[in-house]
Structure formats: structure tokens, C-alpha cells
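# Structure at a glance
Listed below are the residues making up each chain.
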Amino acid sequence: MRVKRYIVDTMPDAMLKIRSELGSDAVILSTKEVKLGGFLGMFQKKKIEVIAATEEKAAPAPKAKPPLPAQPSVPAPVARQAVPEAYRKTSQLAQPAASPQAVSASPVLTTIGGQEREEPIITAVMPPAPVTETERQTFIEPASSEPSTRLEAAIARAADSEQILSKTDLGGANSEKEERLLEEIQQMKMWLSELAKKQADSRVFPPGLQAIQQQLMNQEVGMELAGRWVEEIYEAWLSSGKTLSDDDMRARLQTIVTSFLDHRIDAGIGDQTKIVYIAGPTGVGKTTTIAKLAADQIFRLHKKVGFITADTYRISAIEQLRTYATILNVPLEVVQSPGDVQRAMQRLEHCDLILMDTAGRNYLNELFVAELHSLLAPSDVSETYLVLSLTSKVQDMKRITEHFSKYKLDKLIFTKLDETETTGAIFNLLSEYPFKVSFLTNGQNVPDDLLQADAKLMVELLLGERKP
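Residues numbered from 1 in each chain as written. Predicted model: local features only at pLDDT ≥ 70, side-chain atom pairs only at ≥ 80, totals over all residues. Heavy atoms only, no water.

### Thoughts on the environment of Asn428
Residue placement: Asn428 occurs in helix α14 (residues 424-432). The contacts of Asn428, once residues within four sequence positions are left out, are Glu220, Val221, Gly222, Leu225, Val394 and Lys398. (Helix = DSSP H or I, 4+ residues; strand = E, 2+ residues; numbered from the N terminus. Contact = heavy atoms within 4.5 Å.)

### A word on the side chain of Thr288
Positionally, Thr288 belongs in helix α9 (residues 286-301). Using a relative accessible area of 17% as the deciding quantity, one classes Thr288 as buried. Setting aside anything within four residues of it in sequence, one finds Thr288 in contact with Gln320, Tyr324, Gln444 and Val446. (Buried < 20%, exposed > 50% of the residue type's maximum accessible area, 1.4 Å probe, protein only.)

### Quick word on the packing of helix α6 (residues 207-218) against helix α7 (residues 223-239)
The relative placement of two packed helices is expressed as an angle between their axes plus a distance between the axes. Close contact between α6 and α7 brings their axes to 10 Å; oriented N to C, the two are set at 165 degrees. Relative to α7, the element α6 is oriented roughly antiparallel. Here the hand of the crossing between α6 and α7 comes out right-handed. Contact with α6, carried on its side by Leu209, Ile212, Gln213 and Leu216, involves Ala226, Trp229, Val230, Ile233 and Tyr234 of α7 and no other residues of that element. Classifying every residue of the contact of α6 with α7 gives eight nonpolar, one polar and no charged. (Axes fitted to C-alpha atoms, helices over the stretch in contact; angles between N-to-C directions. Parallel < 35°, antiparallel > 145°, perpendicular 65-115°, else oblique. Left-handed = near helix turned anticlockwise from the far one by under 90°. Nonpolar A, V, L, I, M, F, W, Y, C, P; charged D, E, K, R; others polar.)

### Thoughts on unusual backbone geometry
Backbone geometry at Glu220 places phi at a positive 65 degrees, although glycine is not the residue there. Residue Glu220 is classed as partly exposed on the basis of its relative accessible area, which comes to 44%.

### Details of helix α13 (residues 394-405)
For α13, which comprises 12 residues, the first-to-last C-alpha distance of 16 Å matches the rise-based estimate of 16 Å (1.5 Å per residue) to within 8%. Inspection of α13 places Asp396, Met397, Lys398, Arg399, Ile400, Thr401, His403 and Phe404 among the buried residues, and these make up the whole buried set. (Expected span 1.5 Å × (residues − 1).)

### Here we look at the packing of α13 against α14
It is the contact of α13 with α14, at a shortest axis distance of 11 Å, that shows an interaxial angle of 35 degrees. For α13 against α14, the interelement crossing comes out right-handed. Here α13 contributes Val394, Met397, Lys398 and Thr401 to the contact with α14, which in turn contributes Ala425, Asn428, Leu429 and Glu432.

### Considerations on the packing of aromatic side chains
Overall, the coordinates contain six aromatic pairs when judged by the stated rule. Residues Tyr234 and Trp237 carry aromatic rings whose centres are separated by 5.8 Å and whose planes lie at 40 degrees to one another, so their mutual orientation is tilted. With Tyr234 and Trp237 both in helix α7 and three residues apart, the pair spans about one turn of that helix. Relative accessible area serves as the criterion here: at 10%, Trp237 is assigned to the buried category. (Phe/Tyr/Trp six-rings, centres within 6.5 Å; stacked < 30°, edge-to-face > 60°.)

Shown next, in the form of C-alpha cells:
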């Protein structure tokens, strides 16, 4: 028996190749859908694997000898990996049983992309093995299963992977990679759940609500948060007998977002605050933000302000803050250790407010966050602000925020509002972590480009009614 395996795009292609190469007597043993290529299991192309076989013609017997009596033909075994378990079971029931000791060699010819290669495999003819659950799911899963069923199976597999990885010891050099993998699995599970929910939801939103949903997506508001807001407006539309106008739905969204921002907006630097610590990763504009805060306190509230900087890692960081100190006529102290901080505080005790610039580090690493915290001395008269750039990736912002939240830091400043068209990241962070937003910056001009956060401003930015 001659067995060949084909990887094709469609069944007509397979039939054409089988007839031209194996003849019209060829029999298709099995077909199944396979996925090839891709990256990390994604972007794979769907192909069809077809296994066909034909009986090879026997050579004519010599005329001098009488023909041998006919022998019952025993089909040569096919490679176990090439034929589904269900086919082997059916074949064994239909054909005479062979001796368990019989051994046969049958080459499997594989044709991929027009190139043919022979894969010799020596296989013993064995009784059919019981069909396992894994083989059943791998080989004979119906190709016509419903999309919702496949989604549910994918969600279940993602949940199993998440559970296994969460129980794995993350110690060692690969712990950070494993943590990232766990986060990606959790995010994938959330996406699959949302996709399954959308497929199961046959509702049709009115045009006004569709526009609101699209606006939230454009602003990169998280799917779960945006879904809650849209669902609330949809329920209000149904309660009104489907008479709610587009303007009414937009006003409803403004009310919902304003309510969401309750207790999530901070009034800024308090009157009794003596020292303000400014922390954040590299490149977010901490030093310029400190200069803006200092100018605001000096010109608007007439306070005496002093600077402390611990940013000795970045080239010219001290000189940049020294330039601002000279322009604003405020004293500057440079520190490198907790002891230096205490001495600098004593030298600046005559100031009404001290602003401390901390070193910008890779705060995706929690070790650097702990190192920074050793320089701080939180008290009743101090405030600590985490500065984040709105041009950063949302996932990185979440990891940094999570690390800082462990040290009871609860105030945020968002910079580079003028360099992005989306503000959804602000609402995503506020919904997941116990932080409050205090300021936004929308340029490099000191002290002009500093905005005090309030609900009206935030809602207008989200709805695109106000430009940064």
C-alpha cells in the first residue's frame, strides 16, 4: 500500500493531486484541519491535512509456475501519527486480525508546497488502542463546532493555563518573564470573555449609543469599564421606552463619568503640606513638573519654596533643576542618601514648602521602587506624587502604579497631555487602583502648562469636547 499525506488549502486541490499521483482507485483515509506558521500560537494559517492511500500493483507471476492460491490481503499499517485513532479502530474491525508479532515497513510520502519527501516508518501491527480524551479532542473534534463553543473552550484553556502558572514557583532568573506571561494570559482570557459576551449579545444599540461606544474605544477606555457605562445608558434608553435622544444619552454619559470621578480627584498641594516628593520613571518630565508646581506656589500663593534633588543618575539633571532654581530664586540642595535628606531638610526649614525631585529609574522593577522609598520620609505634613506620561503604554503604567500603590502612594500627575489624543488610561488606572489625579500638564512652558484636575475638565477631554 502506498500512503501519501497532503497539506492543501481546499479539498478540490487535494482531490486533484490524489487522482494525478495515486490514481482513481486511491482512497482518502482521513482529513482534518491544521494550523501552520504564526508566532506564539497566533496568526496561524488554516490548512487541510489529507491522508490518502492506494494499493500498489503486484508484479506478474512467471508463466512456468502455477499461480499461487489467493491470500487474504492484510493492509500495511500506516504511521500512528498520520491516521486518527477513530480510523484505526474502524479499520481493525473491518479487516482480518493480524498477528501481534507481525511487523511491516511502510513509507509515508508527504507532499507540502509541491515538494514530495518520503518518511520511512517501521510500525508493528497492534490491536487498536483505546481512544483517549486528548486524541479525541485533537483528531476528531468536529470542524463545524459553533464559534461560541470554541470560544468557551479557549476561555477554559486560558483559565487552566493561568491556574497552572499562578501555582508555579516564580523564583529564579525567569520570574519576571513568567509574571509577564501570566499577565498576558489573564488579558487574553479577559478579551476572550468579552468576545464571547459580544457574540452572545444580539442587542442592537441605537446610533447615539453606538457613537458613544466608539468614542470610548477611541479614547482607549478599558473594555470592562466602558461596557459598564454603555450598559447603564442602554438600560436608561430601554426604561424611557426607547425615546432617549442622542443628546440625552451623551448627557447621561457625562453624569456617569462625573459620578465615577467622585473621590478620585485631589485638590492638589494642601495648605499644611511642608514637603512634596515627586517620583516617576525616566523621561516623564518630573523636573519640569516640579518647576511648574514651584512657580504656581510662588506666584499664586506667595510661598517660600526650596528644592531638593536626588536625581544624580541622569546627566545634567542637577543642572536643569539648578537653572529653574536660579530663575525662580529658590535654594537647591543635592542629596544622595537618607542622611543627606535630613540635613537638607534642616537647611531648608525656613521654607514654606520643599519640593524634592527623586531619581528617574525603571520602576517596572519593584526593587528600584523600594530603593526610592528608603529616601522618603512620609508624614502628616508630606505628600508624594507619582508622575506618569500619557504617551506611555497602558500596561507599563499599570505595573508601575501597582508597585507604588504598595507604599500607600495615592496621588497622580499625568504629563504630556498635549502629545496624545487619548485620555482613557487615566480612567483605567483610577478604576483599578486607589489613586487620585491631582494635576495634568499640557506643554513645557513654565508655569503656564499646568492644569488642576477637575471633573468638568476630565469629562470634556474624554468626550473630545476640549483640546489639550
